[in-house]
Amino acid sequence: MDKESYHHDLKNKWKMFIHHGWASEGSVNSVTLRSWQKCLKHCDPRRWKMPIKASGQTLQTILSRNGEFIRVSRRVVEDHFTLVSGDEVALVVLDPHGWTLEVQSAGELATQLQHLGVGVGMSWAEEEIGTNVYSLCRDTHLYTRLEGAEHFSESLHAFSMSAAAVIDYCGNVHGYIVCIVKASADTHYLHLSHACGVEVANFIYIENEQKNTNKVLCQHNAVIECMDDGFICWDAQTVITMINPQAQLLLNVKQESLIGKNIRNEFVFPPALNEAISQRTKLPQKQIVIEYRGEFIELMVTLRPLSDGSFLLFLHPLDKIRKIAQQQISTNANFTFDSLHVISKGMKQVLSVARRAIKTASPILINGEEGVGKLSMAMAIHNESEQRDGPFISVDCQMLSPENMLHELLGSDAGPVPSKFELAQNGTLYLDKVEYLSSEIQSVLLKVLKTGLVMRSDSHRLIPVRFRLITCTGSSLRDYVQQGAFSRQLYYEISMSEIEIPPLRKRRDDLEYMINEILEKYRNRTGKTLTIATEAKSALLEYLWPGNISEFKNRMEKIFMGCGKLVLELEDIPLDIRQNNNCAADDVSHLISLAEVEMQAIEHVCRVCDWNLSKAADVLKIGRTTLWRKLKNYNLYPGPFNDE
Ligand SMILES: Nc1ncnc2c1ncn2[C@@H]1O[C@H](COP(=O)(O)OP(=O)(O)OP(=O)(O)O)[C@@H](O)[C@H]1O
């Protein structure tokens, strides 16, 4: 059938429908027929009513809401429009609700469309203009064509139109592209709406991808800039491709001097890292030392092999790691000069000596009997000093085994384990019972104090350290020095400021305060108000408290626990305290024999003399053979003797 007859036939079917309200089955496309039936109710097919047109604020809202879509589709529609003969084709862009966003038309076709009211803002709603390509395409989302008399409104019979929806990969409809030609003209141009729709959808997809990529890239760059860790990236050919500012700081290098260089030529890695690189395995949080241009740099690293053959080496800043180690090892120094509650004159003098000592950077030696509060005083000094924000590292020298003393204090590069001096960086190092340091450690400590540098036990690297040293002893270090068991030079060095804490028996005011304080704490804890009878209190005040505050706290706790009354009478006080014996009469478990005293003395002197028997025998003022025999008897023989 030629074009003319085809259109003639269509017109007859349309007339038939308009006249009788029905069309024979199969003669009209079912979708079109359904739309005709709906339109009968609200449109006059023979009289064109100008469609509504959005204007003013409404139009502005529609245009700005579809700004991105208009920008992309205009570019596509303009390109296609210039490619075809403008006189024969019009291209119209609609938003998802059928509002006209853009019209490309020219010549006679443009004039005809303008007469019908086609322009920006016009509505393509079916109720307005009857059956049209937009309304059908909106229902099906499929490419739609209507030719001549397939339109419900007779005024549109002069045109053939097509419409394609612009749908993104998520299924969102951004709008529609409508192509209009004269019904008498060649209809192959109608495919333009489909081509434009696909192209606009592709552009939207690409722009979205670009936006997402840019967003990810921005986030990626922000993360790289803000992260505390440094990192270096090298490719499968071991060429360095990336190094972030933090890594440049940690390694003291400039990006330009490393990018494009071979990682192998720039850095010397330790075996553990080399092995992980060659086996392409992850290496999480490994503390290593790498060599860069003759410098040894200690780092905590994480190695991540990537699937393209490249590697990422994260450099975790060591001061942070050190802080974590310090937090784990450092003691919670919770005393201040105020919280020591000093009442007695003797202790007030001690505090003024301590205050003076704090003003200098020199080490402080604290003397005092056991349990007198030496550690608490050291903590208070730490908290009152410039080092208060640094760590408080406490080491009990008696607890260090002679074999491991060097390793434990000096650390090692192999672990690597930082030395206690490094851990105390910018803080306080407290050495309890300093007389137990072996002579080897004594000379190491002296060197550290004089140079401010430490060398780990298995390393030749000199690490600068800055800390305040507080040592303490319950013995007379002077006697040790005279006996040759403690380095004279070290003694002078550590005792530049010396604090002597008097025993509790010499500070009755403090003792009385502590009794009241302990009663108060008891009341807060149990809700019971306990008082002490005068005789009982006198007994407590008279007692000599050989174990000082430690003993006081311990025994008072036991006394309170055992007393079911609200008034503590003399009879509730243990007999040894009442009789002012220095040890509990009914408890002999902690008393030691003469042989044990001798054994402890021998072991202590031998340890201090690094098991040099001649030296130890001199200090103990016994013969070498006697010492050797006693060591065997007491089973104190630790291994080969260092006797020369
Ligand atoms: N002024 C104080 N007020 C209350 N309690 C204190 C005071 N000083 C020390 N103590 C407490 O006394 C006990 C012993 O104190 P600290 O450990 O400081 O003594 P020390 O002389 O270092 O002991 P040792 O000789 O056994 O090492 C701790 O429980 C501590 O909390």
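Residues numbered from 1 in each chain as written. Predicted model: local features only at pLDDT ≥ 70, side-chain atom pairs only at ≥ 80, totals over all residues. Heavy atoms only, no water.

**With respect to the overall build of the protein chain**
In terms of helices and strands, the protein chain carries 26 helices and 20 strands. Over its C-alpha atoms the protein chain spans a radius of gyration of 47 Å, topping by over 25% the 26 Å that the globule rule assigns to 644 residues. Taken over the C-alpha atoms alone, the protein chain extends approximately 135 × 70 × 45 Å along its principal axes. Put simply, of all contacts in the protein chain between residues at least 6 apart along the chain, 64% involve residues at least 24 apart. Just so you have it, the protein chain exposes about 33000 Å², and 52% of that area is on carbon and sulfur atoms. Here the protein chain carries 69 positive and 78 negative side-chain charges, and the mean point of each set is 4 Å from the other. (Helix = DSSP H or I, 4+ residues; strand = E, 2+ residues; numbered from the N terminus. Rg over C-alpha atoms; globule rule 2.2 N^0.38 Å. Contact = heavy atoms within 4.5 Å. Areas by Shrake-Rupley, 256 points an atom, 1.4 Å probe, with all protein chains shown as cover. Lys, Arg positive; Asp, Glu negative; His and termini not counted. Charge placed at Lys NZ, Arg CZ, Asp CG, Glu CD.)

**Points about the sheet that holds strand β9 (residues 283–292)**
An order of β7-β6-β11-β10-β9-β8 is seen for the 6 strands of this open sheet, with the pairing classed as antiparallel. A strand with exactly one partner marks an edge of an open sheet, and here the two such strands are β7 (240–243) and β8 (267–268). Bridging between strand β6 (residues 230–234) and β7 involves 3 bridges; their strand directions are antiparallel. By the bridge assignment for β7, Trp234 is matched with Ile240. With respect to the sheet, helix α11 (residues 271–279) is in contact with β6, β9, β10 (295–305) and β11 (311–316), its orientation differing from that of β9 by roughly 115 degrees. (Pairing = 2+ DSSP bridges. Axes fitted to C-alpha atoms, helices over the stretch in contact; angles between N-to-C directions.)

**A short note on the site of the ligand**
Near the ligand, the surroundings consist of 14 residues, among which Leu340, Gly371, Lys374, Leu375 and Ser376 are the closest. With respect to the ligand, the backbone of Leu340 contributes an N or O atom lying 2.9 Å from a nitrogen atom. Between the ligand and Leu375, the relevant distance is 2.9 Å, taken from an oxygen atom to a main-chain nitrogen or oxygen of the residue. Protein contact buries 77% of the 630 Å² of open area that the ligand shows by itself. Considered class by class, the residues forming the shell around the ligand number 5 nonpolar, 4 polar and 5 charged. Taken domain by domain, the makeup of the shell around the ligand includes at least three residues from each of domain 3 (354–500) and domain 4 (504–578). (Near = heavy atom within 4 Å. Polar contact = N/O pair within 3.5 Å; in protein donor to acceptor, adjacent residues only side chain to side chain. Nonpolar A, V, L, I, M, F, W, Y, C, P; charged D, E, K, R; others polar. Domains from an automatic or database assignment.)

**Re helix α26 (residues 624–633)**
For an α-helix, 3.6 residues make a turn, and residues three or four places apart therefore share a direction. What α26 keeps buried is the set Leu627, Lys630 and Leu631. All buried residues of α26 lie within an arc of 105 degrees about the axis, which places them on one face of the element. α26 presents Thr625, Lys632 and Asn633 as exposed residues on the side facing more than 90 degrees away from its buried surface. Looking at the packing, one finds that the buried side of α26 touches α24 (594–608) and α25 (613–620). Once α26 finishes, Asn635 follows within two positions and takes phi at roughly 60 degrees, a positive value. (Buried < 20%, exposed > 50% of the residue type's maximum accessible area, 1.4 Å probe, protein only. Arc of directions from axis to C-beta.)

**Notes on the UniProt feature "domain: PAS" (unreviewed entry) in the protein chain**
According to UniProt, the feature "domain: PAS" (unreviewed entry) maps to residues 223–270 in the numbering used here. Its end C-alpha atoms 29 Å apart, residues 223–270 is made of 31% helix and 23% strand. (UniProt positions renumbered as here; feature names shortened; annotations may be inferred.)

**Quick word on the pairing of β9**
As paired strands, β8 and β9 are joined by 2 bridges and run antiparallel to one another. By the bridge assignment for β9, Phe267 is matched with Tyr292. Inspection of the sheet shows β9 paired to β10 by 8 bridges, in the antiparallel sense. Its bridge partner lying in β10, Leu283 is registered against Leu303. What sits between β9 and β10 in their antiparallel hairpin is a turn of 2 residues, with Arg293 showing a positive phi close to 50 degrees.

**As for the sheet that holds strand β18 (residues 497–500)**
Within the open sheet, the 5 strands sit side by side as β13-β14-β17-β12-β18. Their pairing is parallel. The open sheet is flanked by β13 (392–396) and β18, the only strands paired with a single partner. Pairwise comparison of adjacent strand axes, ignoring direction, gives a mean angle of 20 degrees for this sheet. The pairing of strand β12 (residues 364–367) with strand β17 (residues 468–473) spans 4 bridges and is classified as parallel. Residue pairing in the sheet places Asn367 in a bridge with Thr473 of β17. Across the sheet, helix α14 (residues 374–384) touches β12, β13, β14 (428–432), β17 and β18, and the angle it forms with β12 is around 150 degrees.

**Looking at the packing of α24 against α25**
At their nearest, the axes of α24 and α25 sit 9 Å apart, and the two run at 130 degrees to each other. Put simply, α24 runs oblique to α25. Along this stretch, α24 crosses α25, giving a crossing that reads as right-handed. Within the contact between the two elements, α24 uses Ala601, Ile602, Val605 and Cys606 and α25 uses Leu613, Ala616, Val619 and Leu620. (Parallel < 35°, antiparallel > 145°, perpendicular 65-115°, else oblique. Left-handed = near helix turned anticlockwise from the far one by under 90°.)

**Comments concerning the packing of aromatic side chains**
The description of two aromatic rings rests on the distance between their centres and on the angle between their planes. Across all of its chains, the model carries 14 aromatic pairs by this definition. Seen in terms of ring centroids, Trp234 and Phe269 are 6.1 Å apart; in terms of plane orientation they differ by 35 degrees. Their pairing is tilted. Of the two residues, Trp234 is situated in strand β6 and Phe269 in the loop between β8 and α11; the sequence distance between them amounts to 35 residues. Accessibility classification places Trp234 together with Phe269 in one group, the buried group. Arranged with centres 4.8 Å apart and planes meeting at 25 degrees, the rings of Phe267 and Tyr292 form a pair that is stacked. In this pair, Phe267 is assigned in strand β8 and Tyr292 in strand β9, connecting sequence segments 25 residues apart. Judged on exposure class, the residue Phe267 and its partner Tyr292 are both buried. One aromatic cluster is present, formed by Trp234, Phe267, Phe269, Tyr292 and Phe311 through successive ring pairs. Over the aromatic face of Trp14 sits the side chain of Lys11, whose NZ or CZ is 5.3 Å from the ring centroid. Lying across the ring of Phe203, Arg75 places its NZ or CZ 4.4 Å from the centre. (Phe/Tyr/Trp six-rings, centres within 6.5 Å; stacked < 30°, edge-to-face > 60°. Lys NZ or Arg CZ within 6 Å of the ring centre and 35° of its normal.)

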